[in-house]
Amino acid sequence: MTRIAVLASGRGSNFEALAAAAQAGTLPAAFVLLASDQPGAGALAVAARFGIPSAVITGRRERGRLDAECEARFLAACRAAGAEWICLAGFMRILGEHFLGAYPDRVVNIHPSLLPAFPGLDAQAQAWAHGVRVSGCTVHLVDAGVDTGPIVLQRAVPVLPMDSAASLAARILVEEHRLYPEALRLLLAGGWQREGRRLLLTANPEPAT
Ligand code: GRF
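Everything quoted here is computed from the prediction, not taken from an experiment. (Residues numbered from 1 in each chain as written. Predicted model: local features only at pLDDT ≥ 70, side-chain atom pairs only at ≥ 80, totals over all residues. Heavy atoms only, no water.)

## So, the packing of helix H1 (residues 13-24) against helix H2 (residues 42-50)
Relative orientation of the contacting elements H1 and H2 amounts to 15°, with a least axis distance of 10 Å. Taken together, the axes of H1 and H2 lie roughly parallel to each other. The element H1 and its partner H2 pack so that their crossing is right-handed. For the pair H1 and H2, contact is made by Phe-15, Glu-16, Ala-19, Ala-20 and Gln-23 and by Ala-43, Val-46, Ala-47, Arg-49 and Phe-50, respectively. Looking at the contact of H1 with H2, its residues break down into seven nonpolar, one polar and two charged. (Axes fitted to C-alpha atoms, helices over the stretch in contact; angles between N-to-C directions. Helix = DSSP H or I, 4+ residues; strand = E, 2+ residues; numbered from the N terminus. Parallel < 35°, antiparallel > 145°, perpendicular 65-115°, else oblique. Left-handed = near helix turned anticlockwise from the far one by under 90°. Contact = heavy atoms within 4.5 Å. Nonpolar A, V, L, I, M, F, W, Y, C, P; charged D, E, K, R; others polar.)

## Observations regarding the domain arrangement of the protein
Here the protein is partitioned into domain 1 (1-104) and domain 2 (111-209). On a C-alpha basis, the centres of domain 1 and domain 2 stand 19 Å from each other. At the junction of the two partners, domain 1 supplies 21 residues and domain 2 supplies 16 residues. Sorting the residues of domain 1 by area buried against domain 2 places Asn-14, Thr-26 and Trp-85 first, and these three jointly supply 30% of that buried surface. Here domain 1 is connected to domain 2 by zero salt bridges. Put simply, the parts of the chain that give the side of domain 1 that touches domain 2 at least two residues each are strand E1 (2-7), H1, strand E2 (29-36) and strand E6 (85-88). Tallying contributions element by element places H1 first for the side of domain 1 that touches domain 2, with five residues. Tallied by class, residues from the side of domain 1 that touches domain 2 come to 15 nonpolar, four polar and two charged. (Domains from an automatic or database assignment. Buried area = accessible area lost by both parts, 1.4 Å probe. Salt bridge = Lys/Arg side-chain N within 4 Å of Asp/Glu carboxyl O.)

Written as structure tokens, this is what we have:
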């Protein structure tokens, strides 16, 4: 069982999808910590429901980044929990090199667009406003940029004529909840290697069950 910490700032539906997959036995992971920078995050309630320890770590905001002291506290909490991998699930802070250096190629994120299109905030609304016919979601390894790291898996979601930004976001979210456990299963199984920024998959991802 791989020990995983999740960092989340919001409602926590992706965290819930991961925790549910682990509980169902379809993801060989033990979620050992949910850490949030937001005391009111819904993700904390999800953690309580699943019996997963949680921590709230607040600090100053520095243009979307965690300040150094706050980042050190997140890192210390993850280490104390014995986390081997880190999953970001709606974590609204950019991690710095100190944290990422402690978990090289072991920090994963999900983003609600087909990267490299529409990185950053409100990706679904960006895609809808741009008028694309297809958007989707991406699971990627985290590097020092914003949504720029090596891509693990992507799933396309068509933009329908009657879509609003909200309805598109809702359909993308359904796919996020399938894709994140699937991508994590693949990563944990070790069926990949990295060549530059390309992730070569040496095993096919198992279909989600
Ligand atoms: C998701 O759309 C995720 O892709 C993005 O932030 C949102 C988090 O939603 N990074 P939730 O907290 O997992 O419900």
